[in-house]
Amino acid sequence: MTTTAKWRTWLLYAGVAAVVTYCLAPFYWMLVSSLRRTSDIFDTSLIPSSVSFANYRALFDPAQGFMRALLNSLIVAGITTTLALLLATFTAYAMARLEFRFKRLVLTLIIATSMFPVVSIVVPLLKLFTDIGWINTYQAMIVPSMSFVLPLAVWNLTTFFRQMPEELEQAAMIDGCTRGQAFRKIIIPIAAPGIFTTAIITFIAAWNEFLIALTMTNKPSMQTAPVAISKFTGATTYETPFGSQMAAGVLVTVPLVVMVLVFQRRIVAGLTAGAAK
Amino acid sequence: MVDTEIPPGTAADGPAGAAGGRAGQPAAPVKGGRRAWATAASGRTAALLVSPTLLVLTIVVLYPTIMALRESLYGPKGLDPKTGFITTTEPFVGLQNYADIFGAAGDRFWNAFWNTTFFTVVTVGLETLIGVTMALIMHRAFSGRALIRASILIPWAVPTAISGLLWRWIFNSNGVANAILGHQVLWTTEGFHAKVAVIIAEVWKTSPFIGLLVLAGLQVIPKEVYEAARIDGAGPLGQFRRITLPLVKPALLVAVLFRCLDALRMFDLPYLLIGAQKNSVETLSMLAQNEASNVRFGPAAAYAVILFLYVFLIALGFVRLLGADVVGDDGSPRKNKSNSKRRRAPGPDSAEVSA
């Protein structure tokens, strides 16, 4: 009995190690490669023989334009997230707390749009934006991004609002608050963590967007970070600058990884919202 | 609790919710005037709160879809065969774009169609297998749970575009994949190995997501069910097949549906890992984007419409045939599928994964 129990524990530890390795190994490889010198970039040792920050220094070179791309990403993802949260908070409150006709239909429609193939709206919007001169503008990236960020925000917030005890609002309304006051003074403060988590999840979704940003821009100064990194060119045309691509990849990913590590419990709750009912 | 003072709809559990659903109809005499008034008012508030979102979605989703439908019936600008002048407007060509897709341009379309389908079936299949295994390990693991949860979120947080470049580096001819294999494979050139590269990269990034959703499903299964099964003599395999799988099925179905719809629109990964206009990995999204960026809007729109219909049919199939419940509990009473959902304790915070 004890030997089987020992075996089980051992097997479980092996499983945990396997899962952690599976998840982290490619990411670790990106980090290690970004720290190698250009001369030993094809080295396959697990630890770089000599750590070099040359790849990172190259990114901060203004000629590369990577800082501008990061700023573009921040602007596009930031505005998209703010707009989506503003609209979604009200809608999600109605979904979670009010009774009205076609509620299920409305929620189904909103969720359905988040599963919509982005390319189906990018094609007609590219033509429209070309005609009205919106190519290489922030709004040309923000407007299409709303199509998948807004439903995500509504769905997440609806789940968070549903989890909050109704008694608090009811007590406030018995004490003479209107529904609006109860929403402002009771719901918003309590829901702040949920709204914050939704903000992180929607921000990550908007930050990671590639297809829209690729299609709607052709000027390097307006490209977002993922598009700019994919277009990095090396010293010669046939040489892909893997070192600086990996360094840029680390820079783009690390803020997200930090957010994920700090708020992991909330993010998991937000991501699995609605999956287990 | 003074339940008479609470506006109806807030505590809708049971027939009151159904009454709220018909708020717009003349007040039912039995319910009393006050209640009907409150429900109508809440309907107005709801309309006010929901309409901005619906308006935005109409502008960014519905309107472009209708535009795509219309656009797919028009051909490219070019020489007018009658006058010989260059036309400034696009000529109406009817269903010609669709006829071309299934005729003249058929090879490229069917190739992209089968690539998309192949990627979806294989990646979602592998992801489900790996994801469920991960979830079972995480569910059992008591030490190291925080570590495992943190690391499982990393592949999800890495932008797909960046992961495409990362795997392009790993699959480089002198890269680490070949070093481990001890064998030179030109992964990023045309051929079946390119498909394998895309599948590995995609599965790496998204299996943890299925793992998380399944874990959430596992954590709401009460321990007593397993104890009862053990007493009745069920082995570990029997327990997994007869208890775990059926009870996790709703969560798993939603996860698989979402993954399928996401895989059907795959673009970033094959585009960056292998490249544009590569037959081995070109998906429908890549085909439509390629045509649009070459200013061939008519065919591009036709491809977009076909992809949209394909996604729609798959989603419909999941919801109708397999009963995937995407929307979840909206507070109104269930009509038909009550027994399978109500069996678990429907705590409002059951969606939260406890640590």
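The written sequence of each chain sets the order in which its residues are numbered from 1. Each chain is given a letter, starting from A, and each ligand a number, starting from 1, according to the order in which they appear as written. Reporting in this predicted model follows two pLDDT cut-offs: at least 70 for local features of residues, and 80 or more for side-chain atom pairs to be given and counted; totals over whole chains, interfaces and linings ignore these cut-offs and use all residues.

Helix and strand definitions here come from DSSP, where helices need a minimum of 4 consecutive H or I residues and strands a minimum of 2 consecutive E residues; each element is numbered from the N-terminal end. Scanning chain B from terminus to terminus reveals 14 helices and zero strands. The order of helices and strands in chain B, counted from the N terminus, is α-α-α-α-α-α-α-α-α-α-α-α-α-α. Across the 355 residues of chain B, 40% fall into the buried class. By the convention adopted here, residues make contact when the C-beta atoms placed from their backbones lie within 7 Å. Considering only residue pairs separated by 6 or more positions, chain B has 67% of its internal contacts joining residues 24 or more positions apart. Using C-beta atoms placed from the backbone, we call a residue buried if 20 or more other C-beta atoms fall within 10 Å of its own, exposed if 12 or fewer do, and partly exposed for counts in between.

Turning to the nonpolar core, a few remarks are in order. If you look at the biggest cluster of nonpolar residues, it comprises 168 residues, and the most contacted ones within it are Val123(A), Val214(B), Ala288(B) and Ala304(B). Ranked by residues supplied to this core, first place goes to helix H6 (residues 139–163) of chain A with 15 residues. When residues no more than four places from it in sequence are discounted, the contact partners of Ala288(B) are Val119(A), Val123(A), Ala300(B), Tyr303(B), Ala304(B) and Leu307(B). We define the nonpolar core as any set of buried residues of the types Ala, Val, Leu, Ile, Met, Phe, Trp, Tyr and Cys, connected via C-beta atoms lying within 7 Å of each other.

Here we take up the domain arrangement of chain A. Residues and elements named next belong to chain A. Each domain's extent is set by a domain assignment, obtained either automatically or from a database. When the domains of chain A are assigned, the result is domain 1 (2–55) and domain 2 (63–271). Here the C-alpha centroids of domain 1 and domain 2 sit 31 Å apart. Domain 1 puts eight residues into the contact, and the matching count from domain 2 is seven residues. With four residues, the single largest contributor to the side of domain 1 that touches domain 2 is helix H1 (residues 2–34). Here the residues of the side of domain 1 that touches domain 2 sort into three nonpolar, four polar and one charged. Classes in brief: Ala, Val, Leu, Ile, Met, Phe, Trp, Tyr, Cys and Pro nonpolar; Asp, Glu, Lys and Arg charged; the others, Gly included, polar.

Turning our attention to the interface of chain A and chain B. Taken together, the 91 residues of chain A in the interface contact 100 residues of chain B. The greatest single-element share of the side of chain A that touches chain B, amounting to twelve residues, is contributed by H1(A).

In this section: the environment of Ala153(A). Residue and element names in this part refer to chain A. By the element assignment, alanine 153 lies in helix H6. Exposure remark for alanine 153: the 31 C-beta atoms within 10 Å place this residue in the buried category. Between the C-alpha atoms of alanine 153 and leucine 85, which are 68 residues apart in sequence, the distance is 6.4 Å. Beyond its immediate chain neighbours, meaning those up to four positions away, alanine 153 contacts Ala84, Leu85, Ala88, Thr198 and Thr202.

Next up on the list: the confidence of the model for chain B. All names here are of chain B. When pLDDT is averaged along chain B, the result is 78, and 77% of the positions lie at 70 or above. A score between 0 and 100, pLDDT records how confident the predictor is in each residue. Taken as a whole, residues 330–355 scores under 50 in pLDDT and shows 43 contacts with residues more than four places along the chain or in a different chain. Across the interfaces of the predicted complex, the ipTM metric reaches 0.88, alongside a pTM of 0.82.

All names here are of chain A. Here, axes are lines fitted to C-alpha atoms. For helices the fit covers the stretch in contact, and angles between N-to-C directions go from 0 to 180 degrees. Across the interface, helix H8 (residues 179–207) lies against helix H12 (residues 264–271) with an axial gap of 9 Å and an inter-helix angle of 80°. As the angle between them shows, H8 and H12 are arranged roughly perpendicular. The segment H8 lies against H12, with Pro193, Thr197, Thr198, Ile200 and Ile201 engaging Arg266, Ile267, Gly270 and Leu271. Considered class by class, the residues forming the contact of H8 with H12 number five nonpolar, three polar and one charged. For classification purposes, an angle smaller than 35 degrees is called roughly parallel, one larger than 145 roughly antiparallel, one from 65 to 115 roughly perpendicular, and anything else oblique.

Residues and elements named next belong to chain A. Interhelical geometry of helix H3 (residues 66–97) versus H6 gives an angle of 40° and a closest axis separation of 7 Å. By the angle between their directions, the pair H3 and H6 is classed as oblique. Crossing hand, H3 versus H6: right-handed. Left-handed is the label given to a crossing in which the near helix is rotated counterclockwise from the far helix by less than a right angle, and right-handed is the label when the rotation is clockwise.

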